[in-house]
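Survey of secondary and tertiary structure
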Amino acid sequence: MPRHRDAAQGQSKAGEIFRGIAWGIFTQIILILHILIDKILETVLEWYWKEKKTCSSLRENFFITKSATEIASLIRKGELTSYQVVKAYTDRLKEVNPLINAVVDGPFDKAFEESQKIDERLEKGEVTAKEFAEKPFLGVPFSTKDSTAVEGALHTLGLVSRRNERATEDAECIRLMKEAGGIIIAVTSVPEVNRWQETRNNVTGITNNPYDLRRTVGGSSGGEAALISACGSAFGIGTDIGGSIRMPAFYCGIYGHKPTSGLVNTRGCTFRTGKEKSTMVVAGPMARYAKDLLPIFKVLVGPKMVQSLELNVKVNPKKLRYFYVRDIKDLKVAGVNGEMSAALKRVVQHLDGISEKPCVETVIPNTEKTTKMWRYWMRKEPQAFDMLLGNGVPLNGFVELVKKLLGQSEYTMASIYSLIDAMLPFGDTTKIESITRVCKNYVKELLGDDGVLLIPSAPSTAGFHYSALVQIYKFSYWSLFNSLHLPVTQVPLGLDSKGLPLGVQIVAGPNCDRLCLAVAEEIENSMIGWIPPFETT
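Residues numbered from 1 in each chain as written. Predicted model: local features only at pLDDT ≥ 70, side-chain atom pairs only at ≥ 80, totals over all residues. Heavy atoms only, no water.

Attention now goes to the overall build of the chain. When helices and strands are counted, the chain shows 18 helices and 13 strands. Taking 24 Å as the expected radius of gyration for a compact globule of 537 residues, we find that the chain reaches 23 Å, a close match to that expectation. Seen through its C-alpha atoms, the chain measures out along the principal axes to roughly 100 × 65 × 45 Å. In the form shown here, the chain has an accessible surface area of approximately 22,600 Å², with 55% of it arising from carbon and sulfur atoms. Taken as two groups, the 65 positive and 59 negative side-chain charges of the chain have centres that lie 5 Å from each other. (Helix = DSSP H or I, 4+ residues; strand = E, 2+ residues; numbered from the N terminus. Rg over C-alpha atoms; globule rule 2.2 N^0.38 Å. Areas by Shrake-Rupley, 256 points an atom, 1.4 Å probe, with all protein chains shown as cover. Lys, Arg positive; Asp, Glu negative; His and termini not counted. Charge placed at Lys NZ, Arg CZ, Asp CG, Glu CD.)

Written out as structure tokens, the structure is:
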């Protein structure tokens, strides 16, 4: 019997070794296929889109490149007037929008009226120190995406059926920013109902990347990221259900923060009531500078939450524990390319150098099933995509596909793909919930309340327009953390060899948003941040 048992164990071990070798070979074949497909796609689309063009140069009003908090300070000191600032951003918006096509509605005349009233009060000395404290962005213009309601502004969500619809009241996040002194100057483009990786719809068309007009800005806060990076707005408010803040922020070289789920009231964001018990949707700040994120975030969460989240307690990056992940190992996604890997390595080396503890590489369990997790949890969202896309009327993806082929559909092919995807099975419910729970618990226990995780923003930088129709699962590097409901800050890291923004994501444990925001500032102060997509002459 022992001999038979030993033989069986030997056969089992040999089988495991063989399966391991076979899987390794299969994995390498898939990765090689990804490389070949991406190379062919890049070559074909580069030929199709012809010569590279970038955003127009900045020739005056150079103060608009400053941070929103700096501009607010200059207004308080009387070195700039609010009207000057609003006028400068409005002029820039009008100059760059014909190139990037990011604005749905605006600039708003009301913004000039509001700025003049602020200036009059400042000139008369009527603004008290208490009011300045309550309104940290007094007189500073900002923008938001079309899907987030702004009273009186177009609220199309990229739908032909809503092309003339206007919001009747402000979303809660917009109301809070206005109370903090911000002046809304424009609403920006989104893909249809925010559900795609490219900001394109049949109402306003396609939005272009300011670093290379032939390339994508991502989605869904794509118009927001493009406008902010091109200095058409001081800062913006985005929303994120599958990377919709971080993806465009990465592609357009700015900062974006996806808060812990549930911290920011989402009433008025894509028809949300703000009372949803469980949702991956969050609203958060987008800006050219990391130092703007925390002050904006404080406004969005409100005073009580500022205290409970300890947002006024200074974080010392040297005292934190650091971990990093090289890739998520989902075979549906291409491997992280050399320049993105090198960018991650530079950040790891910097943080390793300042931290009291070494930066440790880790592997998060179940990330190879990221796409399955996100697809499942999207099905659990309180609003069905087919109803949203149909503006209250349920749609069938296969019917819309036939209509599209006959030239009769009013929707983009990307939305039709998403409709069909939502109809397909997603697997064993119990198993998906289990792997999500294991994945989340691992990250929570790993990070605790003093750790952060570094992970590439994506396998590669911004692709050409329409590349997302082939590189469908590239968004998995963002959507993973929506499934886990964790806070993440997108950080720009300079430009690659093609002049496109590189980046990294900084992840923290639940309600530890202050940690990833602090690390973003450390990287900005010590390494590199937003690089203008234009020349200053």
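Moving on, there is more to tell.
Another point: the sheet that holds strand 3 (residues 183–188). Strand order across the open sheet formed by 11 strands is 1-3-2-6-8-7-12-13-11-9-10, with mixed pairing between neighbours. Each having just a single partner strand, strand 1 (103–105) and strand 10 (360–361) make up the two edges of the open sheet. With two bridges joining them, strand 2 (residues 141–145) and strand 6 (residues 235–240) adopt parallel strand pairing. Bridge assignment links Thr 144 to a residue of strand 6, and that residue is Ile 237. Sheet strands in contact with helix 16 (residues 429–447) are strand 9 (321–324), strand 11 (451–456) and strand 13 (501–508), and its direction is about 145 degrees off that of strand 9. Along the sheet, helix 18 (residues 513–526) makes contact with strand 7 (255–258), strand 9, strand 11, strand 12 (488–495) and strand 13, crossing strand 12 at roughly 10 degrees. (Pairing = 2+ DSSP bridges. Contact = heavy atoms within 4.5 Å. Axes fitted to C-alpha atoms, helices over the stretch in contact; angles between N-to-C directions.)

This part is about the pattern of salt bridges. Inspection of the entire model under this criterion finds 28 salt bridges. Arg 166 is the salt-bridge partner of Asp 105, the closest N and O atoms lying 2.9 Å from each other. Taken together, the residues Asp 105 in strand 1 and Arg 166 in the loop between strand 2 and helix 6 (172–179) connect sequence positions 61 residues apart. Judged by its relative accessible area of 14%, Asp 105 is buried. The partly exposed category is assigned to Arg 166, whose relative accessible area is 44%. (Salt bridge = Lys/Arg side-chain N within 4 Å of Asp/Glu carboxyl O. Buried < 20%, exposed > 50% of the residue type's maximum accessible area, 1.4 Å probe, protein only.)

Before going further, it helps to spend a moment on the environment of Asn 164. Examined against the element boundaries, Asn 164 turns out to sit in the loop between strand 2 and helix 6. Assessed through its relative accessible area of 65%, Asn 164 is described here as exposed. For the pair Asn 164 and Val 203, spaced 39 residues apart in sequence, the C-alpha separation works out to 9.9 Å.

Its volume calculated, the largest pocket comes out at about 540 Å³. Along its surface, the largest pocket is lined by 28 residues, and Asp 38, Glu 42, Asn 337, Ser 460 and Lys 498 are the ones closest to its centre. Contributing elements (two or more residues each) for the lining of the largest pocket: helix 1 (2–49) and helix 11 (338–354). Per-element tally for the lining of the largest pocket: the top contributor is helix 1, with seven residues. A class-by-class count of the residues in the lining of the largest pocket yields 12 nonpolar, eight polar and eight charged. (1 Å grid on protein atoms, 1.4 Å probe; cavity = no way out; pocket = protein on both sides within 12 Å on 5 of 7 lines; lining within 4 Å. Points joined across faces, edges and corners; volume = space filled by probe spheres on them. Nonpolar A, V, L, I, M, F, W, Y, C, P; charged D, E, K, R; others polar.)

Considering all chains together, one arrives at 13 aromatic pairs under this definition. Between Trp 196 and Tyr 417 the ring centres are 5.7 Å apart and the planes differ by 70 degrees, which places this aromatic pair in the edge-to-face class. Here Trp 196, found in the loop between strand 3 and strand 4 (200–201), pairs with Tyr 417, found in helix 15 (residues 413–423); they are 221 residues apart in sequence, far enough to count as distant. Ring geometry for Trp 374 and Phe 475: centres 4.9 Å apart, planes at 80 degrees, overall edge-to-face. Within this pair, whereas Trp 374 is found in helix 12 (residues 370–379), its partner Phe 475 is found in the loop between strand 11 and helix 17 (476–483), the two being separated by 101 residues in sequence. Accessibility expressed as a relative area gives 11% for Phe 475, which makes it buried. Through a chain of ring-to-ring contacts, the aromatic side chains of Tyr 48, Trp 49 and Tyr 466 assemble into a single cluster. Seen from the ring of Trp 47, Lys 50 lies directly overhead, with NZ or CZ sitting 4.5 Å from the centre. (Phe/Tyr/Trp six-rings, centres within 6.5 Å; stacked < 30°, edge-to-face > 60°. Lys NZ or Arg CZ within 6 Å of the ring centre and 35° of its normal.)

Helix 12 sits mainly inside the fold: seven of its 10 residues count as buried. All of the buried residues along helix 12 are Thr 370, Thr 371, Met 373, Trp 374, Arg 375, Tyr 376 and Met 378. On the buried face of helix 12, the contacting elements are helix 15, helix 16 and helix 17.

It is worth spelling out the packing of helix 12 against helix 17 at this point. Two elements in contact, helix 12 and helix 17, have axes separated by 9 Å at closest approach and are oriented at 50 degrees. In this view, helix 12 runs oblique relative to helix 17, as classed from their interaxial angle. Our pair here, helix 12 against helix 17, has a crossing hand that is left-handed. Taken together, the residues of helix 17 that come into contact with helix 12 (itself represented by Thr 370, Thr 371, Met 373, Trp 374 and Trp 377) are Ser 476, Ser 479, Leu 480, Asn 482 and Ser 483. (Parallel < 35°, antiparallel > 145°, perpendicular 65-115°, else oblique. Left-handed = near helix turned anticlockwise from the far one by under 90°.)

Here we come to empty space enclosed by the protein. Scanning the entire structure with this criterion turns up two cavities of 30 Å³ or more. In this structure, the largest cavity occupies an estimated 250 Å³ of space. Taken together, 18 residues make up the lining of the largest cavity; nearest its centre are Arg 195, Trp 196, Gln 197, Trp 374 and Phe 475. Contributions of two or more residues to the lining of the largest cavity are made by helix 12 and helix 15. Partitioned by chemical class, the residues of the lining of the largest cavity number eight nonpolar, seven polar and three charged. By volume, the second largest cavity amounts to about 60 Å³. Taken together, Gln 197, Thr 216, Tyr 251, Gly 463, Ser 467, Ala 468, Gln 471 and Lys 474 make up the lining of the second largest cavity. Classifying every residue of the lining of the second largest cavity gives two nonpolar, five polar and one charged.

Structural measurements only, silent on function.
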